[in-house]
Amino acid sequence: MSASVLFERRGNLALVTVNNPPVNALGQSVREGLLEAFRAAEADAQVEAVVLLCTGSTFMAGADIKEFGKPPQAPSLPEVVNAIEACAKPSVAVIHGSALGGGLEVALACHYRIARNDARVGLPEVKLGLLPGAGGTQRLPRLAGVAKALEMIVGGAPISATEAQRHGILDELFDGDLLAAGSAFAQRLLAEGRGVRRSGEQPVADAGEAAALLDAKRAEIHQRMPGLFSPLRCVAALEAAVQLPLAEGLERERELFRECLASPQRAALVHAFFAERQAGKVVGLAADTPTRAIASAAVIGGGTMGVGIALCFANAGIPVKLLEIDQTALERALQRARDTYAASVKRGSLSEADMARRLALLDGVTDYAALAEADVVVEAVFENLEVKRQVFERLDAVCKPGAILASNTSSLDLDAIAAFTARPQDVVGLHFFSPANVMRLLEVVRGAQTSDTVLATAMALGKRLKKVAVVVGVCDGFVGNRMVFQYGRESEFLLEEGATPEQVDGALRAFGMAMGPCAMRDLSGLDIGLAIRNRQRQSLPPQFPLPRVLDKLCEAGLLGQKSGAGFYRYPEGSRTPQPNPALAPLLEAASRERGIARRSLDDRYIVERCLFALVNEGAKILEEGIAQRASDIDLIYLNGYGFPAHRGGPMFHADQLGLDKVLARIREFHAEHGAWWQPAPLLERLAAEGRQFSDWEAGQ
Ligand code: 3HC
Ligand code: NAI
């Protein structure tokens, strides 16, 4: 029998235990083992019922994602699942942790399901560009109805055991030992004469309403997830559950699953899944690097970022002191914190009790002495090196030895900041994104002297704050903003060459970006960064010109949403962009000043100009070692910049297009537009060697 699945007969019960750490994924050996175990149970005359459970922290968390895209190995999961359901002896799945994807499909094929109170179940395949391919789309609607199945399969979010029981997915909940609960349940089944009960043989309860539910979900998908490949196929598979007998429905599900499996979107989403896990593995840091305990925190500066960062700590249950320059500024900051929570309560995403609990963890102060015992301090004061110097000198004087001193700076030199203290090894960058309590991305900036322990602690803290933490090196803008500068610049050049904001934003949104660059500029304010641009203009050599269009708009008082108009108009406080008739003459003036005859540009050209600017800079960042690996850059773009997950991130997208093709276009842009487009040496090298960003590692 397979080493990953143990079979044991205990009295009249067969105990089938899956043991495939870390998450009991249904790899080939588990599939084979399950098949053999159920066959053995069937063949053993003394076995009257089967109890299926898992070791470790979780029930089966799904198919083995690492096997996707590789040649299939028998037995297939549908074969295993069908054999489990067909078993002539009643079976009970005992769920703890998470029963996800194929794991839940195995459980649905068992004749009964019980779960520990804290368990979760779900079919998250859609998040990997797939649909449940082992009967989930056929069995779930038979147990829970089409409405719930649509929600779970198209949405992909797991639900609690309590909710699952309410919807007929689970039979009973328990606390305590898995084996004891499973055995007791199985004996009870036998005593009560309850035998085999196959999900696949049950009718779909709400079949009468299915047509309307399916249509409504399709309309929602067209509106909210245009361009996504798998959600519509999820709906098609559920339609098959309603319209076809089980065997034919399963066949239809398989066909649709194979289509998804072969799609580039599936490859991109699986890349994104592993990128997130990979980011936690820091180059040069041993897995057992010790971390420091973080039991309390402090934030300096209660502005836009500081309040959001303080909320992150409170949300994670970590007491946090928020320090401002004076009582008035402090009261303003605390009020903003209260308002943010109150808005969540109003939306229904936070309970009154949780709000009270979190606010109780937030303590406003104006005296640095209050920070003496903080385990970590995050500075979020004005972006000015002199102000940072004053703050870090104070911190160095008052904070206890071993406290982590972090800066949220977005553009200043972290090593210079560290040098303001006598403990640069304890200084690290924690670069949050606005709004800090919402955005998942956290760039963890490793300074020249940041110690391994501090870096490891910062990464662990990121996880506790429920962030996607990615290590980056010190440079202007780190990874995300350094790249977005290139992207923004190209989008502005395109406006000067002949495109309209509607066209630039429309082309990039059609590609999948959450927001176009012009609407994004309007949101953050067109005057933001203007001073920096003026400084850059003076320091950059003449072959690196900067676009003028933003200056033109600012001169005309068009500052974006805050002034009611920018690239778009926002009448009466509306946040929905509308065409701005005042714009055309300003764009024309900017073109004239640069001596450009405006021309029509097609959408593909627009997308290539903006995206390949990201890719070229990303290649430089990789070669300089500012990012550890291409997938880290992708993760930053997916979580901080609205890059579509189904494209996998800019570097993955370039790999999929083929680096030779990307380089060829970059060379054309170089010939056409000059020095900004100098191809990155790493891109040239990888393209020449027929390699990809994904197989590049520093030093190779
Ligand atoms: N296959 C292979 N490896 C998996 C895996 C899977 N389904 N799920 C997790 N892993 C690996 C991770 O890559 C990671 O490996 P590493 O330590 O080498 O980096 C390790 O397991 C631990 O994962 P996490 O760091 O994510 O651990 P957490 O405890 O934070 O989360 C989890 C656990 C909730 C189970 C989370 O890993 C998860 O959501 N996994 C994916 C679940 C999923 O999408 N299942 C559906 C798969 S598709 C499918 O089943 C198709 C079927 O319908 C035919
Ligand atoms: P802000 O101007 O909104 O807030 C700064 C706050 O710091 C003010 O409330 C001010 O009173 C306070 N402050 C100034 N000096 C202080 C001192 N010596 N002691 C205590 N408090 C002091 O600025 P914002 O936008 O919150 O930015 C803060 C930092 O975060 C900057 O370094 C910025 O570059 C960085 N950042 C900003 C992002 C953004 O989107 N706004 C995103 C990521 C990083």
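Residues numbered from 1 in each chain as written. Chains lettered and ligands numbered in written order. Predicted model: local features only at pLDDT ≥ 70, side-chain atom pairs only at ≥ 80, totals over all residues. Heavy atoms only, no water.

Draft legend 1. Broad picture of the overall build of the chain. Tallying secondary structure elements over the chain gives 28 helices and 19 strands in all. For 700 residues, the compact-globule formula gives about 27 Å, and the C-alpha radius of gyration of the chain, at 28 Å, lands near that figure. When its C-alpha atoms are laid out on the principal axes, the chain stretches across 85 × 60 × 55 Å. Looking at the chain alone, contacts between residues at least 24 apart form 72% of all its contacts between residues at least 6 apart. Per element, the accessible surface of the chain, about 28800 Å² overall, is 53% carbon and sulfur. Positive and negative charge centroids in the chain, built from 75 and 83 side chains respectively, lie 1 Å apart. (Helix = DSSP H or I, 4+ residues; strand = E, 2+ residues; numbered from the N terminus. Rg over C-alpha atoms; globule rule 2.2 N^0.38 Å. Contact = heavy atoms within 4.5 Å. Areas by Shrake-Rupley, 256 points an atom, 1.4 Å probe, with all protein chains shown as cover. Lys, Arg positive; Asp, Glu negative; His and termini not counted. Charge placed at Lys NZ, Arg CZ, Asp CG, Glu CD.)

Draft legend 2. Here's a closer look at the pairing of strand β14 (residues 404–407). Of the two faces of β14, the one holding I404 and A406 and the one holding L405 and S407 are both buried throughout. Pairing analysis gives four bridges linking strand β13 (residues 376–379) to β14, with the strands arranged parallel. Bridge pairing in β14 links E379 to S407. Between β13 and its parallel partner β14, the chain crosses via helix α15 (residues 385–398), and the hand of that crossover is right-handed. (Buried < 20%, exposed > 50% of the residue type's maximum accessible area, 1.4 Å probe, protein only. Pairing = 2+ DSSP bridges. Right-handed = clockwise from strand over helix to strand, strands pointing away.)

Draft legend 3. Local environment of the site of ligand 2. Lining the immediate surroundings of ligand 2 are 23 residues, of which M305, E324, E383, K388 and S410 lie closest. Here an oxygen atom of ligand 2 sits 2.5 Å away from a polar atom, N or O, in the side chain of E324. One nitrogen or oxygen atom from the side chain of K388 is found 2.6 Å from an oxygen atom belonging to ligand 2. Alone, ligand 2 offers 830 Å² of accessible surface; in the complex the protein occludes 78% of this. (Near = heavy atom within 4 Å. Polar contact = N/O pair within 3.5 Å; in protein donor to acceptor, adjacent residues only side chain to side chain.)

Draft legend 4. Up close: the site of ligand 1. Residues in close proximity to ligand 1 total 26 residues, the closest being G102, E105, E125, R277 and K281. Here a nitrogen atom of ligand 1 and a backbone polar atom of I65 are 2.9 Å apart. Contact distances for ligand 1 include 2.8 Å between an oxygen atom and a backbone N or O atom of G102. Compared with its free state, where it exposes 980 Å², ligand 1 has 74% of that area covered by protein. Those elements that place two or more of their residues in the shell around ligand 1 are α3 (102–109) and α11 (264–279). At three residues, the largest contribution of residues to the shell around ligand 1 is made by α11. For the shell around ligand 1, the class distribution of residues is 15 nonpolar, four polar and seven charged. (Nonpolar A, V, L, I, M, F, W, Y, C, P; charged D, E, K, R; others polar.)

Draft legend 5. Spatial organisation of the UniProt feature "domain: 3-hydroxyacyl-CoA dehydrogenase C-terminal" (unreviewed entry) in the chain. In this structure's numbering, the residues bearing the UniProt feature "domain: 3-hydroxyacyl-CoA dehydrogenase C-terminal" (unreviewed entry) are residues 477–570 and 605–691. The span residues 477–570 is 57% helical and 2% strand by assignment, and the distance between its end C-alpha atoms comes to 30 Å. Split by type, residues 605–691 is 70% helix and 0% strand. Its first and last C-alpha atoms lie 25 Å apart. (UniProt positions renumbered as here; feature names shortened; annotations may be inferred.)

Draft legend 6. How the structure looks around the state of the cysteines. In total, this model carries zero disulfides according to the counting rule given. C87 takes part in no disulfide bond, and the closest cysteine sulfur, belonging to C110, lies 9.1 Å away. Here C399 is not disulfide-linked; the sulfur of C312 is the nearest cysteine sulfur, at 20 Å. Note on C399: relative accessible area 6%, which makes it buried. (Disulfide = S-S within 2.5 Å.)

Draft legend 7. How the structure looks around the pattern of salt bridges. By the definition in use, this model includes 50 salt bridges. A salt bridge links R537 to D551, with the nearest nitrogen and oxygen atoms 3.0 Å apart. Taken together, the residues R537 in helix α21 (residues 530–539) and D551 in helix α22 (residues 549–555) connect sequence positions 14 residues apart. One exposure class covers both R537 and D551, and it is buried. For D695, the salt bridge is made with R691, and the minimal N-O distance between the two is 3.5 Å. Note on R691: relative accessible area 23%, which makes it partly exposed. One salt-bridge network, in which partners are shared between bridges, spans R489, E490, E497, R599, R609 and E672. (Salt bridge = Lys/Arg side-chain N within 4 Å of Asp/Glu carboxyl O.)

Draft legend 8. A look at the domain arrangement of the chain. One can read the domain layout of the chain as domain 1 (5–261), domain 2 (297–474) and domain 3 (481–695). Put simply, the middle of domain 2 and the middle of domain 3, counted by C-alpha atoms, are 30 Å apart. Taking both sides of the interface into account, the surface hidden between domain 2 and domain 3 amounts to around 950 Å²; carbon and sulfur atoms contribute 62%. If you sort the residues of domain 2 by the area they bury against domain 3, L441, V470 and V471 come out on top, with a joint share of 36%. Connecting domain 2 to domain 3 are zero salt bridges. Every element with two or more residues in the side of domain 2 that touches domain 3 is listed here: β16 (441–445) and β17 (468–472). Among the elements that line the side of domain 2 that touches domain 3, the one with the most residues is β17, at four residues. Split into classes, the residues belonging to the side of domain 2 that touches domain 3 amount to eight nonpolar, three polar and two charged. (Domains from an automatic or database assignment. Buried area = accessible area lost by both parts, 1.4 Å probe.)

Draft legend 9. Structural view of helix α28 (residues 681–688). Along α28, the residues that are buried comprise L682, L683, L686 and A687. All buried residues of α28 project into a common sector of 130 degrees when viewed along the axis, lining one side. Looking at the packing, one finds that the buried side of α28 touches α24 (603–623) and α27 (659–673). At the C-terminal side of α28, G690 shows a positive phi close to 70 degrees. (Arc of directions from axis to C-beta.)

Draft legend 10. Representation of the nonpolar core within the structure. Counting residues in each nonpolar core, the largest one holds 100 residues, and the members touching the most others are L395, V479, F567, L622 and F693. No other element matches α24, which puts twelve residues into this core. Shared between two domains, this core holds at least three residues of each, these being domain 2 (297–474) and domain 3 (481–695). In this view, F693 contacts V615, A619, L622, A630, M651, A654, D655, L659, L683 and L686; residues no more than four positions away in its chain are not counted. Grouped together as the second largest cluster of nonpolar side chains are 70 residues, A115, M152, V154 and I159 included. (Core = buried A, V, L, I, M, F, W, Y, C linked by side-chain atoms within 4.5 Å.)

Draft legend 11. Highlighting the UniProt feature "domain: 3-hydroxyacyl-CoA dehydrogenase NAD binding" (unreviewed entry) in the chain. The feature "domain: 3-hydroxyacyl-CoA dehydrogenase NAD binding" (unreviewed entry), as annotated in UniProt, sits at residues 297–473 in this numbering. The span residues 297–473 shows a helical share of 42% and a strand share of 20%, and its end C-alpha atoms are spaced 24 Å apart.

Draft legend 12. Structural detail: the side chain of Q561. Tracing the backbone through its elements, the reader meets Q561 in the loop between α22 and β18 (568–569). Taking the relative accessible area as the measure of exposure, Q561 reaches 18% and is therefore buried. Residues within four places of Q561 in sequence aside, it is in contact with D522, L523, Y570 and R575.

Draft legend 13. Quick peek at the sheet that holds β17. Pairing is mixed across the open sheet formed by eight strands, whose spatial order is β12-β11-β10-β13-β14-β15-β16-β17. Each edge of the open sheet is held by one strand with a lone partner, namely β12 (362–365) and β17. For this sheet, the mean angle separating the axes of adjacent strands, direction not counted, is 25 degrees. With four bridges joining them, strand β10 (residues 297–300) and strand β11 (residues 320–323) adopt parallel strand pairing. Counted as the bridge partner of V299 is L322 from β11. (Axes fitted to C-alpha atoms, helices over the stretch in contact; angles between N-to-C directions.)

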